[in-house]
Amino acid sequence: MTLEDGERPRPRFRKRTEQPVGATDPEALFGELPRASNGVGALWSHQADQLRTYAEMPQETPDVALELPTGSGKTLVGLLISEWRRRTLRQRVVYVCPTKQLARQVLKKADDQGIPAVLLIGPHGTWDQAELARYTRGDAIAISTYSAIFNLNPHLNDAQTLIFDDAHAAEGFVAEAWALSVSRNDGAYEQLFDVLKDSIDPSLASRMLAPDGPTTDRSTVRLLPIGTISHHANDIAQVLALLQGDASYRFRMLQANLASCLFYVSWREFYIRPMIPPTFEHAPFTNPAQRVYLSATIGDAGELERAFGRTGIKRVPVPAAWDRTGSGRRFFVFPGLASAPTEPTANDYDSGPEVRLVGALLELAPKRLVLTPDDDSAHHIANAIKVPDDERFTARDVEAGIQPFIDAETGTLLAPNRYDGMDLAADSCRMMLMAGLPTASHLQDRFLETKLRASEVLQERIRTRVLQGAGRCTRGPQDWAVVIVAGEDILRFLCRDEVRKSLPIELQAEISFGLDQSQVPADDLLFLAKSAFEQDDIWIEDAEPELATLRRAAVRTPQPNVTELATSAAREVKAWNLAWRQDWEGATRAAIDVLEHLTAPGLRSYRALWAYLGSAWSSLSAPASNSAAERSAELLRKAHKSAEGTTWLKEIQPLPSAMLDSEPVDEESVNRVIELLNGKFKSAAKFNRLSAAMLADLNQQNATKYEQALVTLGEFLGAESFKPSGKGRADAVWLWDPMWILIEAKSEQTADGMLSMDYVRQANTQLTTMAEDREMDSPPGASISVIVSPRSIVDPDAVPIAATHLHLAPPRLILDIAHDVVRAWKELRGIGHGVASETVHPEAARIFWEHRVLPTNIRERLSKDPIRGA
């Protein structure tokens, strides 16, 4: 390369083109931007209001959250704040998105508005160094993803402002940086059991390590004892150090703090993480002068603080008028509520009438979105409605994301567990299916839901997922979509008054309208959905006025206990930060502080968890200290008291020297079982005859035989068991002094149709009637009523009136319990026949516990599906 004079003009030094900002706040900055022709010409009033409120806050406020619902221009607000801080404060700003696809969309919006921005996504080695330098010099905003900030060695570690888009979805992106999953397909899964085998329940290990088969226990989630993990931390680390790939990086985030993690285990995996992510020690997150959280729904229960591990987040609430405006129009369709079609229709879909109607509804549109909680459900639906392989799209492509689906003329986008991070505006997609309730995205959530029964803690997260999922195809005021809602769990969730009233006004109206309109013959519902999809005159003339009426009548009401959960969040963050530092004494005191402020009756199970955490941390604080041991024991007693009615705590940390049947109801059951073993069921022939008849009669539909088999089952469970006389009474009653279980059986029903309001009303009163028979003021507090029916759909009008003690169970669950109790009896007969009661009692308790047929086990198994919800 030589310097020679030639024909071309000599290069000149460039002058700085970006003038100093004259705007005093982000709203005023908007008028100075050199927008492209397709940029936004004016701010909406609610955007301006949010920017003014933000500008009034001190510039050094460390954490600010702005709530702007879907379609309200959240991204532009975030970009204006980003650009204002970059130009006014001369700060390096990173705008953080959940996915690469959304990062690209934000870059386009920045370009449209004339906001200088660079895209830094994917492996840092592929980043354009000139673009990176523009960010580093403060000449442009960096647009990236959560994974670029929350990882072992982030290369965007010098930001001075962080803007987090879709912060309501952050729990999965932030916490997963400190979470490790060990699949059963990895050799480390079995090796972890080898390390822990001397310290955990042998029956748990055998069930988890059992090969795949018809009796495989896939549903169980266990929390392993904290003390056990601490004791074996070095051996566990040696096993996990052999992990490869992404798992090895995640392990390195946890390696020094394994004793501070919770270990969950299921048949599919180990899941290891702290309950709240220790972001306080992650400098790329804590060093910036300000973190701004943009959320479509901040929530009322402190989930934002738990997700990011932060306290003191200042909130800019959603503009008041927006709550009654909404984003676009949706027609919610509930196929499970439709009756049989007035005229038979021919189609070749597999399965029952709900699947056939879902398939017919989806055929109204050339492009469809299918949202499910997991992969298996998405592919099952695609197979059931016969989606061709070449018309199936996923969001798994690292680079393309969902763009191939957006560009296609026809197709079905399968999006398991993607309730956020997808924009399908305008004609991209106007038909979507939400199948199943998105309750648990990982084992910690599943433990809280199924074992701890702390569903109130998860309600905010579930509500947010449903709310966000329903808005994937309505991204602006002019959008519209048909939203098909399938599955008894999500249907019952949306039927609950307290859930619907906690949603935005517009969404309340749309869901209430859909629930009402869906209770028609299937072919009529198909026509109504077609009107909504086409936005024809029938929709405009009939539906819109009715929706307007419902919107005017709706009132938004927070769900119960959210205020207490919100105030608890800061205490919980403090406790987990101390536990991560392994300051066990400080963590114990903080856990006690959490515990003492969780006083609402509905949070009793969550209180039990915090009492257990305090007990475990106290025992680690000073192992040789008598005072620490006494405090630990007292906290454990409090935990067991709050955990009554569940089995999770007895599984991981029973009270010292306590029997497996330490609860009075279990002890009573075991005593009665031993009496039967040496009395009524002493004869092997009689036991075999009765147990075989019971199993056969529980596997058929005749009501008389089925009800008698339920009575026999109650006897085998060690209950006072009988069928009360009189009209409207339960079909079987299982009584123990501290707890009753009443069964209303609908064995002759088919799976089609809904469980009626009459059945719910009848079952509501059966416990009270039994108390009157016993001349008691009320039944024992832990008592429940159970409707056994093959029908999983409940009349929407019956859900709000269902008593809190009323649950729904399928006949197959009763049959599973019956098989389990017969196996327990056969094992007991092999060792206990003719042996003195005091000798056989501990073995009987152990056998019934391991087969999960003690009364506390039975209550837990039969109360998984409360009709009204938690």
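Small disclaimer: the values here were computed from a predicted structure and weren't measured. (Residues numbered from 1 in each chain as written. Predicted model: local features only at pLDDT ≥ 70, side-chain atom pairs only at ≥ 80, totals over all residues. Heavy atoms only, no water.)

*Asks:* Which residues make up the side chain of Asp479, and what values do they have?
*Replies:* Within the secondary structure layout, Asp479 lies in the loop between α19 (455-469) and β17 (480-486). Although Asp479 lies buried, it forms no salt bridge, and the closest oppositely charged side chain, Arg430, sits 4.3 Å away as judged by the N-O distance. At 3.0 Å, the side chain of Asp479 forms a polar contact with the backbone nitrogen of Ala426. When sequence neighbours within four positions are dropped, the list of residues in contact with Asp479 reads Gly328, Arg329, Ala425, Ala426, Arg430, Cys473 and Thr474. (Helix = DSSP H or I, 4+ residues; strand = E, 2+ residues; numbered from the N terminus. Buried < 20%, exposed > 50% of the residue type's maximum accessible area, 1.4 Å probe, protein only. Lys, Arg positive; Asp, Glu negative; His and termini not counted. Salt bridge = Lys/Arg side-chain N within 4 Å of Asp/Glu carboxyl O. Polar contact = N/O pair within 3.5 Å; in protein donor to acceptor, adjacent residues only side chain to side chain. Contact = heavy atoms within 4.5 Å.)

*Asks:* How would you explain empty space enclosed by the protein if you had to name every residue and give the values?
*Replies:* One pass over the full model with this rule turns up 4 cavities of 30 Å³ or more. Taken together, 13 residues form the lining of the second largest cavity, with Met275, Ile276, Arg306, Gln444 and Arg461 sitting closest to its centre. Residue assignment for the lining of the second largest cavity shows that the elements contributing at least two residues are α14 (303-308), α18 (443-451) and α19. Looking at the lining of the second largest cavity, the element that brings in the most residues is α14, giving 3 residues. Class assignment of the residues belonging to the lining of the second largest cavity gives a composition of 7 nonpolar, 1 polar and 5 charged. (1 Å grid on protein atoms, 1.4 Å probe; cavity = no way out; pocket = protein on both sides within 12 Å on 5 of 7 lines; lining within 4 Å. Points joined across faces, edges and corners; volume = space filled by probe spheres on them. Nonpolar A, V, L, I, M, F, W, Y, C, P; charged D, E, K, R; others polar.)

*Asks:* Before we move on, can you summarise the sheet that holds strand β19 (residues 732-736) with the specific residues and values?
*Replies:* Reading across the sheet, the 5 strands line up as β18-β19-β20-β22-β24 and stay open at both edges, with mixed pairing between neighbours. The sheet is open, and its two edges are formed by β18 (720-722) and β24 (806-809), each paired on a single side. Between one strand axis and the next, the sheet turns through 20° on average, direction left out of account. Across 4 bridges, the pairing between strand β22 (residues 784-788) and β24 is parallel. Across the sheet, the residue bridging to Val786 is His807, located in β24. Set on the sheet, helix α33 (residues 757-764) makes contact with β20 (739-745), β22 and β24; between it and β22 the angle comes to about 150°. Where helix α37 (residues 855-862) meets the sheet, its contacts fall on β19, β20, β22 and β24, and the angle it forms with β20 comes to roughly 45°. (Pairing = 2+ DSSP bridges. Axes fitted to C-alpha atoms, helices over the stretch in contact; angles between N-to-C directions.)

*Asks:* Requested: an account of helix α31 (residues 684-697), with residues and values cited.
*Replies:* With 14 residues, α31 ought to run about 20 Å at 1.5 Å a step, and its terminal C-alpha atoms sit 20 Å apart, in line with that. Taken as a whole, α31 has its buried residues at Phe687, Ser691, Met694, Leu695 and Asp697. (Expected span 1.5 Å × (residues − 1).)

*Asks:* Before we move on, could you go through the pairing of β20 and cite the residues and values that matter?
*Replies:* Counting buried positions over the 7 residues of β20 gives 7, a clear majority of the element. Burial along β20 is two-sided: Met739, Ile741, Ile743 and Ala745 and Trp740, Leu742 and Glu744, pointing in opposite directions, are all buried. Strand direction decides the pairing type here: β19 and β20, joined by 5 bridges, are antiparallel. Counted as the bridge partner of Val733 is Leu742 from β20. Hairpin connection between β19 and β20: a loop of 2 residues separates the two successive antiparallel strands.

*Asks:* Outline the confidence of the model for the protein chain, supporting the account with residue identities and numerical values.
*Replies:* With 93% of its residues at a pLDDT of at least 70, the protein chain reaches an overall mean of 89. The spread of mean pLDDT over the elements of the protein chain runs between helix α1 (residues 26-29), the lowest at 77, and strand β5 (residues 161-164), the highest at 98. (pLDDT = per-residue confidence, 0-100.)

*Asks:* Quick one: what's the story with the nonpolar core, residue by residue and with numbers?
*Replies:* What tends to happen in soluble globular proteins is that the nonpolar side chains get buried as a cluster. Counting residues in each nonpolar core, the largest one holds 101 residues, and the members touching the most others are Leu369, Trp610, Tyr612, Trp617 and Trp648. Once residues lying within four places of it in the same chain are set aside, the contact partners of Trp648 are Phe447, Lys451, Leu452, Ala608, Leu609, Tyr612, Ala643 and Glu860. In terms of nonpolar packing, the next biggest core, distinct from the first, is built from 61 residues, Leu192, Ile236, Phe251 and Ile313 among them. (Core = buried A, V, L, I, M, F, W, Y, C linked by side-chain atoms within 4.5 Å.)

*Asks:* So what's going on with the packing of aromatic side chains? Which residues, and what values?
*Replies:* The tally for this structure, following the rule as stated, stands at 29 aromatic pairs. Ring geometry for Tyr612 and Trp648: centres 6.2 Å apart, planes at 85°, overall edge-to-face. A residue pair is termed long-range when its members are at least 10 positions apart, and Tyr612 in helix α27 (residues 604-621) and Trp648 in helix α29 (residues 648-652) qualify at 36 residues. According to the relative accessible area criterion, Trp648 is buried, its value standing at 1%. Among the aromatic residues, ring-to-ring pairing joins Tyr146, Phe150, Phe164, Phe173, Trp178, Phe285, Tyr293 and Phe308 into one connected group. (Phe/Tyr/Trp six-rings, centres within 6.5 Å; stacked < 30°, edge-to-face > 60°.)

*Asks:* Residues and numbers for the sheet that holds strand β7 (residues 222-223), please.
*Replies:* The sheet built from 4 strands is open, its strands ordered β6-β9-β8-β7 with antiparallel pairing. The strands lining the two open edges of the sheet, one partner per strand, are β6 (180-183) and β7. In terms of strand pairing, β7 meets strand β8 (residues 262-265) through 2 bridges, oriented antiparallel. Within β8, the position partnered with Leu223 by the bridge is Tyr264. Contacting β7, β8 and β9 (269-273), α18 crosses the sheet at an angle of about 75° to β8.

*Asks:* Which residues make up the environment of Gly172, and what values go with them?
*Replies:* Considering the arrangement of structural elements, one finds Gly172 in helix α7 (residues 170-175). Once the C-alpha coordinates of Gly172 and Glu498 are considered, the two residues, 326 residues apart in sequence, prove to be 26 Å apart.

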